[in-house]
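Examining the three-dimensional arrangement
Here's the letter readout for the chains.
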Protein chains: 2
Amino acid sequence: MPKDTFYNLPEEKRQKIIDAAMLEFENNSFDSASINQIISSAQISKGSFYQYFDDKKDLYKHIIELMIQKKMTYITPAMQNPFAHGFFEVIRDMNQSGLEFAKNHPRFTKIGNLLLRNPSHPIYLEIISGGQEQAYKAYEMLLNRAIETGEVRSNIDVAFTAKMIFKLSSEFILEESDLTAENWTEGLAELLNKFMSLLENGIKAK
Amino acid sequence: MPKDTFYNLPEEKRQKIIDAAMLEFENNSFDSASINQIISSAQISKGSFYQYFDDKKDLYKHIIELMIQKKMTYITPAMQNPFAHGFFEVIRDMNQSGLEFAKNHPRFTKIGNLLLRNPSHPIYLEIISGGQEQAYKAYEMLLNRAIETGEVRSNIDVAFTAKMIFKLSSEFILEESDLTAENWTEGLAELLNKFMSLLENGIKAK
DNA sequence: AAGTCATATGACTAGCAAGTCATATGACTA
DNA sequence: TAGTCATATGACTTGCTAGTCATATGACTT
């Protein structure tokens, strides 16, 4: 975490540093991101940087933390209390909020994608850790419940299907998060419908 | 492409260099792979390296070329002449051969994944270029044909479905290519069945 | 034996990186 | 006014990188 000196900074200067860091991490992997570049862009000295953060990793984790905080605000009622809602409704909400986050925070999205696409990097293990596994488990619980309630046919392989839905959702959001601004809203709704239709045809109870 | 001097080398020495390069590119992105590391591992001098290859990119492209050659040997009759075979058979073959390649050539697979996961890198554009787009188009042609023949229901969005099948196949192979050796053959067959079942339920004509 | 030519070498250049540290500033305190 | 303390600075160290080049080797030719 950033040092006290960082939080003591005037809001404006702090934001300038965050902006500079995001600009660098948007366009570079963790390894190839340069602190020299960041401080030059934020117009602070090398020494100051190291009085705000322990090292590059410290700064990076802070940016990721900010992203997670932002993402939290996109949780819908159905996501917060999934068992009280229909399975397909929950899945739809998750994808919709994912798409909306990507739309509203393209810079965070880019940084997140760079992280997600480098699972072999040590920093991935440190940050994502068991998150992926937990997500699979969550999907499995939802699927099991949906089979109980009769929403989903019972002859699927739950673990496998959970993984596939997770993967497909991620790819779906990654791939389509570059829709142009003007047709965004309609494009989103339409895409989501196609996606859900594919999914529902695949596993919905007949 | 490598220089003549490289091809004049005794087979054994050439292989040692390829091995060293693969070891490095398996565990590092193109940028962070180190020529110093490669020459040290291959036990050749810096000067020699630059008499075999123009630069790091030259070597890297050669490795990718070797991988493509290997992959070519996995093409099945159904893949070579897809319109003479059933749609789901072709898709099944493509995934099966993808899985088999991953199993038999885990080192190439790892290198390929690192490349595929960095679409923002200049080298990606240079090597993959429009390959992805071509793949989408190929899937679209197959889907259109399958709709004509009545294998696939006609009320799907072809372009969207093509993308999703492509993405899902890639992820499926990536994710499952780490099955353990002993249960490989049965595991593969079972997985493929689950995958195809999900797909067929999703888009097969009723 | 003398000459030629492909191949091999590693010291060297130039550049960039992360992180350190002695020094400076300037506000607030006693 | 003198002292203290948080903050700011950039030259510097250390360590890495890709790529170059003068020099050396040794096989084969004339």
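Residues numbered from 1 in each chain as written. Chains lettered and ligands numbered in written order. Predicted model: local features only at pLDDT ≥ 70, side-chain atom pairs only at ≥ 80, totals over all residues. Heavy atoms only, no water.

Notes on the protein's contact with DNA strand D
Surrounding DNA strand D, one finds 18 residues, the nearest of these being Thr5(A), Asn8(A), Gly47(A), Ser48(A) and Tyr52(A). The share of sugar and phosphate among atoms of DNA strand D within 4 Å of the protein is 57%. In this structure, a phosphate oxygen belonging to DNA strand D sits 2.7 Å away from a side-chain N or O atom of Asn8(A). At a separation of 2.9 Å, a base nitrogen of DNA strand D approaches a polar side-chain atom of Gln51(A). For the surface near DNA strand D, the secondary-structure elements that each account for two or more residues are helix H1 (4-8) and helix H4 (46-52) of chain A together with helix H3 (35-42) and helix H4 (46-52) of chain B. (Near = heavy atom within 4 Å. Polar contact = N/O pair within 3.5 Å; in protein donor to acceptor, adjacent residues only side chain to side chain. Helix = DSSP H or I, 4+ residues; strand = E, 2+ residues; numbered from the N terminus.)

Focus on the relation of the copies chain B and chain A
For these two chains of identical sequence, chain B goes onto chain A by a turn of 179 degrees and a shift of 0.0 Å along the axis, with RMSD 0.1 Å. Overall, the copies show the geometry of a two-fold rotation axis. Comparing interface residues between copies, 100% of those in chain B also sit at the interface in chain A, which points to an isologous, same-surface contact. (Least-squares fit on C-alpha atoms with pLDDT ≥ 70 in both. Contact = heavy atoms within 4.5 Å.)

Digging into the protein's contact with DNA strand C
Surveying the vicinity of DNA strand C reveals 18 residues, the closest of which are Thr5(B), Asn8(B), Gly47(B), Ser48(B) and Tyr52(B). Protein-adjacent atoms of DNA strand C, using a 4 Å cutoff, are sugar or phosphate at a proportion of 55%. Contacts to DNA strand C include Asn36(A), whose side-chain N or O atom sits 3.1 Å from a phosphate oxygen. At 3.0 Å, a side-chain N or O of Lys46(A) approaches a base oxygen of DNA strand C. Looking at the surface near DNA strand C, the elements with two or more residues in it are helix H3 (35-42) and H4 of chain A together with helix H1 (4-8) and H4 of chain B. Take the surface near DNA strand C: its biggest share by element is 5 residues, from H4(B). Among the residues making up the surface near DNA strand C, the classes are represented as 4 nonpolar, 9 polar and 5 charged. (Nonpolar A, V, L, I, M, F, W, Y, C, P; charged D, E, K, R; others polar.)

Overview of the layout of surface pockets
All names here are of chain A. Approximately 240 Å³ is the volume attributed to the second largest pocket. Taken together, 13 residues form the lining of the second largest pocket, with Gln 15, Ile 18, His 62, Leu 66 and Phe 108 sitting closest to its centre. The set of elements that each furnish at least two residues to the lining of the second largest pocket consists of H1, helix H2 (11-27) and helix H5 (56-72). Among the elements that take part in the lining of the second largest pocket, H2 stands out by supplying 6 residues, more than any other. (1 Å grid on protein atoms, 1.4 Å probe; cavity = no way out; pocket = protein on both sides within 12 Å on 5 of 7 lines; lining within 4 Å. Points joined across faces, edges and corners; volume = space filled by probe spheres on them.)

A word on the packing of aromatic side chains
For any two aromatic rings, the description comes down to two numbers: the centre-to-centre distance and the angle of the planes. All names here are of chain A. Per the stated rule, a full pass over the model turns up 24 aromatic pairs over all chains. With 5.1 Å between their ring centres and 80 degrees between their planes, Phe 87 and Phe 88 make a pair best called edge-to-face. The burial state of Phe 87 is the same as that of Phe 88; both residues are buried. An aromatic cluster of three or more residues is present, and its members are Phe 6, Tyr 7, Phe 49, Tyr 50, Tyr 52 and Phe 53. (Phe/Tyr/Trp six-rings, centres within 6.5 Å; stacked < 30°, edge-to-face > 60°. Buried < 20%, exposed > 50% of the residue type's maximum accessible area, 1.4 Å probe, protein only.)

Comments concerning the interface of chain B and chain A
Accessible area lost upon the coming together of the parts serves often as the stated size of an interface. At the interface, 27 residues of chain B touch 27 residues of chain A. Its largest share of buried area at the contact with chain A, chain B owes to Phe160(B), Met164(B) and Leu198(B), together 24% of the area lost on that side. Linking chain B to chain A there are 2 salt bridges. Lys194(A) is paired through a salt bridge with Asp157(B); the nearest N and O atoms lie 2.7 Å apart. Our enumeration of links across chain B and chain A arrives at 2 residue pairs in polar contact (both at pLDDT 80 or more). The set of elements that each furnish at least two residues to the side of chain B that touches chain A consists of helix H11 (158-176) and helix H12 (184-203) of chain B. Ranked by residues supplied to the side of chain B that touches chain A, first place goes to H11(B) with 10 residues. Split by residue class, the side of chain B that touches chain A holds 11 nonpolar, 6 polar and 10 charged. (Buried area = accessible area lost by both parts, 1.4 Å probe. Salt bridge = Lys/Arg side-chain N within 4 Å of Asp/Glu carboxyl O.)

A look at the nonpolar core
Phe87(A), Leu143(A), Phe172(A), Phe87(B), Leu143(B) and Phe172(B) are the most contacted members of the largest nonpolar core, which has 62 residues in total. Listing elements by their share of this core, those giving two or more residues are helix H7 (87-104), helix H10 (131-148), helix H11 (158-176) and helix H12 (184-203) of chain A together with helix H7 (87-104), helix H10 (131-148), H11 and H12 of chain B. (Core = buried A, V, L, I, M, F, W, Y, C linked by side-chain atoms within 4.5 Å.)

Some points on helix H5 (residues 56-72) of chain B
Relative to the 24 Å expected for 17 residues at 1.5 Å per residue, H5(B) spans 25 Å between its end C-alpha atoms, a close match to the ideal helical length. Along H5(B), the positions that sit buried rather than exposed are Lys56(B), Asp58(B), Leu59(B), Tyr60(B), His62(B), Ile63(B), Ile64(B) and Met67(B). (Expected span 1.5 Å × (residues − 1).)

A few points about the packing of H7(A) against helix H8 (residues 106-116) of chain A
Residues and elements named next belong to chain A. Packing of H7 against H8 brings their axes to within 5 Å, and their N-to-C directions diverge by 110 degrees. If you check the angle between H7 and H8, you find them roughly perpendicular. Only Pro 106, Phe 108 and Thr 109 of H8 make contact with H7, whose side of the interface consists of Phe 101, Ala 102, Lys 103 and Asn 104. Classifying every residue of the contact of H7 with H8 gives 4 nonpolar, 2 polar and 1 charged. (Axes fitted to C-alpha atoms, helices over the stretch in contact; angles between N-to-C directions. Parallel < 35°, antiparallel > 145°, perpendicular 65-115°, else oblique.)

Notes on H3(A)
Structurally, the α-helix is built with 3.6 residues per turn, so residues lying three or four positions apart point the same way. Among the residues of H3(A), those classed as buried are Ile35(A), Ile38(A), Ile39(A) and Ala42(A). The arc that holds the buried residues of H3(A), viewed along the axis, is 90 degrees, so those residues lie on one side. (Arc of directions from axis to C-beta.)

Thoughts on the domain arrangement of chain A
All names here are of chain A. Assigned domains of chain A: these are domain 1 (4-65) and domain 2 (74-203). Taking only C-alpha atoms into account, the centre of domain 1 sits 31 Å from that of domain 2. Among the residues domain 1 hides against domain 2, the three largest losses belong to Met 22, Glu 26 and Tyr 60. Together they make up 41% of the total. Counting across the domain 1 and domain 2 interface gives 4 salt bridges. When the shortest N-O distance is used, the salt bridge between Glu 126 and Lys 61 registers 2.6 Å. The tally of links between domain 1 and domain 2 comes to 6 residue pairs in polar contact (both at pLDDT 80 or more). Only H2 and H5 provide two or more residues apiece to the side of domain 1 that touches domain 2. By residue number, the principal contributor to the side of domain 1 that touches domain 2 is H2, which donates 6 residues. Tallied by class, residues from the side of domain 1 that touches domain 2 come to 7 nonpolar, 3 polar and 5 charged. (Domains from an automatic or database assignment.)

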